[in-house]
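What follows is each chain in one-letter form.
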Amino acid sequence: MVKYIAKRLAYALLILLGVSMIIYFLIRLMPVDFIQDKINAINQGGATVSEETVNAMYEMYGLGDNSFLGILKGYFNWLSALARFDLGTSFVYGLPVADVIFEHMGISFAIALIATIFEFMIAIPLGITAATHQYSLRDYVVTILVMIGISLPSFFFGQMLKDVLALKLGWFPASGLIDATASYTGIELLLDYARHMFIPILTIVILSIGARMRMTRTNMLEVMNSDYIRTARAKGLKESAVINKHAFRNTLIPLVTSLAGLLPSLFSGAIITEQVFDLPGIGNIALDAMNRGDIPFIMGYNMFLALLSVLGVLLADLMYGLVDPRVKLE
Amino acid sequence: MAKENKNYLSGKEIRAIAKANAKEMKRLEAYKNRKAEEHEFLSQMKSSENILEIEDLHTFFYTEQGVVKAVNGVSYDVPKNAVVGVVGESGCGKSVTSMSVMRLIQGPTGQIVDGSIRFKAYDYKRDEKGNPIPNGADGYEMEEKVYDIAKMPIHEIHRIRGKQIAMIFQEPMTSLNPVFTIGEQLDEVTFIHTPGATKEMAKAKSEEMLRLVGIIPENVYGAFPHELSGGMRQRVMIAMALAAEPRLIIADEPTTALDVTIQAQILDLLQDIKNKIDGSILLITHDLGVIAEMADYVVVMYAGKVIEKGTVYEIFQDPKHPYTIGLQKSKPTMSLDDGTELYNIPGNVPNPINMPDHCYFKERCAKCTLKCSGDYPGMVQVSPTHFVACHLYDGVEDNG
């Protein structure tokens, strides 16, 4: 087992190396120029910048040489810094990338975690009911409702919920993370967070239930038609025990595996939802960094997600071995 | 019925079928899920010798192409302490009949439409509220009562399944739940059927059952199904069926999926168990050899109907129905070593959706007479225990 994990981690390192190289080259080839934007801003302020200063700035940020060798050199500079656990300094914030990521990740993680918990808690029972009452009215109603959920674009649905629940009804604040006009502490602060995060979380949950519910329903249907369910019934088990014990344990296998695959999405932030509700989450920040050509930040953010993805896959395999006795990890 | 013979359905026909099916399925599902007092599904046996009496059973499947009458008026009895073999080719309804007895037909498409399945159960005596009455010692008061399984609401069926009738399935490879150990799955039977069973009691019972089927419990009790071979799994299935000491065991092609040496072992085991337990076995197979070896009575089915039934001696020594005769002839024998080809019955089973009104075997029958184009033949009694549904014997009835 330990050997297996060590082997997988060694592979993961190779994968991450390849990923970092691809991402670095792609970012450097992006049609965004942080220095040019900065100079344009200075020019608009009335001042002029000399050619020499511009060149010096390009050199300072390590963006002077855009030839293949130049980019390669930049990549190895980034890599050698990383070997010293240094992700570099964000162009936009002037702070270490790691600090920027960790500062904004909390809020995104909290939203994603709560949304995921609700998603599973609602989608799994719905999927099971739809499967055990296949082709009944209940199945059709549930299926149609979640299909509507899947089909709604988040920028539209989030905006709509915001319009109705926040602006028209005034039950919840429309945007932001805390009430800037009040200074809450302790439990009141927590409640204030909860009020602000309610609509974003509701949006994410409604939009993501569909896929999970469909997955549960399909798995459950497959399991319910298997021979061992017939055996369980023939034993004299009541239908509820057949479903909740014999069928559910088997439906759980792909669900648990998919749970581990969610690891990166817990930390990546919901870019569009965070935009709509103006939340200072990591998704919002990452989009901003992308638009402004903040190369160290984009590298740091993407590598962080790549690491989580690789770990998520490993975790999924380990969990598989845990829930399915037929799987042996070697 | 009088539809022209074509291979496709028009959109209009498909919609008409779907509408008619939906209506029937809704009615039958409602009947299946209804609430009912016990007396509504209690019945009386025709003969006290029998443990199971199937009478005029109709089990249909409502498919998109039309209604498949998989079991179409089947009647047969299983006497106490006897082995009844049901033979017939694939799709003749022999398995569907046994599934109907266990009420394992997959709804809403599959439904028991008509008929009765009377079973003499040895069940708890119940008070007015339907709870078992304790008898003071460590058990409950028991009594014999006859249930009509076809009329039971589906949520009452756990009174029958496992405890009264147990089933051994055709596919040992997939019939055990892959995520639970053999021990867990065996113990469950005791937990379900013995009120107040403890973990130790269940384990002791499971180990006893494993030993009975020739397995050393220490090796298998904690194992997962995938760690066992097909033959071992079928032994486990048999142990599971025996664990609650049922009065009737239905073995639905228990040896079909196994290789020949294992088949022989499993048959020996069933034979052995037949002598050890105080109950009956309903053995469903398409293997005449198995029937000859195991059964006391034989039921021959064809296209959803019983065409002949009698004692094993009568069916093998004096088969009456041309189909039974054909089946006997198509059995390979070792003596047939003179280069002659193995006999096969010409033609095919008619389309199950549009069954003809006359005898279903008419097109394939060598002894067909003019009468065979008329009504479907009724059951003719040719001896006290021998019945056949064929026009050839229409006049013979009175001498039985």
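Note that the structure is a prediction, hence the values are computed from the model and not measured.

Criteria and thresholds
- Residues numbered from 1 in each chain as written.
- Chains lettered and ligands numbered in written order.
- Predicted model: local features only at pLDDT ≥ 70, side-chain atom pairs only at ≥ 80, totals over all residues.
- Helix = DSSP H or I, 4+ residues; strand = E, 2+ residues; numbered from the N terminus.
- Rg over C-alpha atoms; globule rule 2.2 N^0.38 Å.
- Buried ≥ 20, exposed ≤ 12 C-beta atoms within 10 Å, placed from the backbone.
- Contact = placed C-beta atoms within 7 Å.
- Nonpolar A, V, L, I, M, F, W, Y, C, P; charged D, E, K, R; others polar.
- Pairing = 2+ DSSP bridges.
- Axes fitted to C-alpha atoms, helices over the stretch in contact; angles between N-to-C directions.
- Expected span 1.5 Å × (residues − 1).
- Bend = angle between axes of the 7 residues up to and from the residue.
- pLDDT = per-residue confidence, 0-100.
- Left-handed = near helix turned anticlockwise from the far one by under 90°.
- Parallel < 35°, antiparallel > 145°, perpendicular 65-115°, else oblique.
- Domains from an automatic or database assignment.

### Re the overall build of chain B
Consideration 1: For chain B, the count of helices and strands is ten helices and twelve strands.
Consideration 2: By the compact-globule yardstick of 21 Å for 400 residues, chain B fits well, its C-alpha radius of gyration being 23 Å.
Consideration 3: Each principal axis of the C-alpha distribution contributes one length, and for chain B these read about 65 × 55 × 50 Å.
Consideration 4: By the burial criterion, 41% of the 400 residues in chain B qualify as buried.
Consideration 5: Sequence separation of at least 24 residues holds for 66% of the intrachain contacts in chain B that already meet a minimum separation of 6.

### Brief notes about the overall build of chain A
Consideration 1: Helix and strand counts for chain A come out as 14 helices and zero strands.
Consideration 2: In chain A, the order of α-helices and β-strands from amino to carboxyl end is α-α-α-α-α-α-α-α-α-α-α-α-α-α.
Consideration 3: With the C-alpha coordinates aligned to their principal axes, the bounding extent of chain A is approximately 85 × 55 × 35 Å.
Consideration 4: Burial analysis of chain A (330 residues in total) assigns 29% to the buried set.

### Concerning the interface of chain A and chain B
Consideration 1: With 19 residues of chain A in contact, the opposing surface of chain B contributes 23 residues.
Consideration 2: It is helix α9 (residues 227-235) of chain A that provides the largest number of residues to the side of chain A that touches chain B, a total of eight residues.
Consideration 3: Its residues assigned to classes, the side of chain A that touches chain B shows six nonpolar, five polar and eight charged.

### A few points about the pairing of strand β3 (residues 83-87) of chain B
Consideration 1: With five of five residues buried, β3(B) lies mostly within the body of the structure.
Consideration 2: By the alternation rule, side chains of β3(B) split into B:Val83, B:Gly85 and B:Val87 and B:Val84 and B:Val86, which are all buried.

### Some remarks on the environment of A:Ala286
Residues and elements named next belong to chain A.
Consideration 1: Assignment of secondary structure puts Ala286 in helix α13 (residues 282-292).
Consideration 2: A C-alpha to C-alpha distance of 9.0 Å links Ala286 and Ser268, two positions 18 residues apart in sequence.
Consideration 3: Among all residues touching Ala286, those that are not within four sequence positions of it are Gly269, Ile271 and Tyr301.

### A few points about the sheet that holds strand β10 (residues 305-311) of chain B
Backbone hydrogen bonds hold the strands of a sheet together, and the pairing may be parallel or antiparallel.
All names here are of chain B.
Consideration 1: The strand order across the open sheet built from eight strands is β6-β7-β8-β3-β9-β10-β12-β11, with neighbouring strands paired in mixed fashion. If you trace the sheet from one side to the other, it starts and ends with β6 (165-168) and β11 (380-383), each paired once. Pairwise comparison of adjacent strand axes, ignoring direction, gives a mean angle of 20° for this sheet.
Consideration 2: As defined by bridge partners, β3 adjoins strand β9 (residues 297-302) across four bridges and the pair is classed as parallel. Counted as the bridge partner of Val86 is Val299 from β9.
Consideration 3: In the packing of helix α6 (residues 230-242) onto the sheet, contacts are made with β6 and β7 (248-252), and the angle to β6 comes to roughly 175°.

### Some thoughts on helix α2 (residues 94-102) of chain B
Residue and element names in this part refer to chain B.
Consideration 1: Counting buried positions over the nine residues of α2 gives nine, a clear majority of the element.
Consideration 2: The complete set of buried residues in α2 reads Lys94, Ser95, Val96, Thr97, Ser98, Met99, Ser100, Val101 and Met102.
Consideration 3: Of the residues one or two after α2, Arg103 is the one with positive phi, at around 55°.

### Observations concerning helix α10 (residues 239-261) of chain A
Residue and element names in this part refer to chain A.
Consideration 1: Counted at 1.5 Å a residue, the expected span for α10 with its 23 residues is 33 Å, and the 32 Å between its end C-alpha atoms agrees.
Consideration 2: Taking the largest bend as the criterion, α10 deviates by roughly 45°, centred on Phe248.
Consideration 3: Those residues of α10 that are buried are in contact with α5 (97-132), α8 (186-224), α9 and α14 (295-323).

### Brief notes about the confidence of the model for chain B
Consideration 1: Mean pLDDT for chain B: 87, with 95% of residues reaching 70 or above.
Consideration 2: Confidence, read as mean pLDDT per element, is least for helix α7 (residues 260-276) of chain B in chain B (83) and greatest for β9(B) (94).

### With respect to the packing of α8(A) against α10(A)
Residue and element names in this part refer to chain A.
Consideration 1: In contact at an axis separation of 9 Å, α8 and α10 are set at 145° when each is read in the N-to-C sense. For the element pair α8 and α10, the recorded crossing hand is right-handed. Residues Met215, Thr216, Asn219, Met220, Val223 and Met224 of α8 touch α10, and the partners they reach there are Ala247, Asn250, Thr251, Pro254, Leu255 and Ser258.
Consideration 2: Residue classes in the contact of α8 with α10 are distributed as seven nonpolar, five polar and no charged.

### What about the sheet that holds strand β5 (residues 142-148) of chain B?
Residue and element names in this part refer to chain B.
Consideration 1: Pairing is antiparallel across the open sheet formed by four strands, whose spatial order is β2-β1-β4-β5. The open sheet has two edge strands with one neighbour each: β2 (66-79) and β5. Strand-to-strand twist across the sheet, computed as the mean angle between neighbouring axes with direction ignored, equals 15°.
Consideration 2: Bridging between strand β1 (residues 50-63) and β2 involves eleven bridges; their strand directions are antiparallel. Bridging from a neighbouring strand, Leu52 pairs with Val78 of β2.

### Some details on the packing of α5(A) against α13(A)
Residues and elements named next belong to chain A.
Consideration 1: At their nearest, the axes of α5 and α13 sit 7 Å apart, and the two run at 135° to each other. Taken together, the axes of α5 and α13 are oblique relative to one another. For the pair formed by α5 and α13, the contact residues are Ile101, His104, Met105 and Ser108 on the first element and Ile282, Gly283 and Ile285 on the second.
Consideration 2: Looking at the contact of α5 with α13 residue by residue, the classes come out as four nonpolar, three polar and no charged.

### Focus on the domain arrangement of chain A
The figure often quoted for interface size is the accessible area lost as the parts come together.
Residues and elements named next belong to chain A.
Consideration 1: Domain annotation of chain A identifies domain 1 (17-83) and domain 2 (97-323).
Consideration 2: Relative placement of domain 1 and domain 2: their C-alpha centres are 37 Å apart.
Consideration 3: Taken residue by residue, the interface counts eleven residues in domain 1 and ten residues in domain 2.
Consideration 4: Elements supplying a minimum of two residues to the side of domain 1 that touches domain 2: α1 (2-28) and α2 (34-44).
Consideration 5: Among the elements that make up the side of domain 1 that touches domain 2, the one with the highest residue count is α1 (five residues).

### Re unusual backbone geometry
All names here are of chain B.
Consideration 1: Positive phi is not limited to glycine here, since Glu253 has a value of about 45°.
Consideration 2: Relative to the elements of secondary structure, Glu253 occurs in the loop between β7 and α7.
Consideration 3: For Ala303, which is not a glycine, the phi torsion comes out positive at approximately 50°.
Consideration 4: Note that Ala303 resides in the loop between β9 and β10.

### A word on the environment of A:Leu17
All names here are of chain A.
Consideration 1: Checked against the element boundaries, Leu17 lands in helix α1.
Consideration 2: Exposure remark for Leu17: the 11 C-beta atoms within 10 Å place this residue in the exposed category.
Consideration 3: It is 21 Å that separates the C-alpha atoms of Leu17 and Leu63, two residues lying 46 residues apart in sequence.

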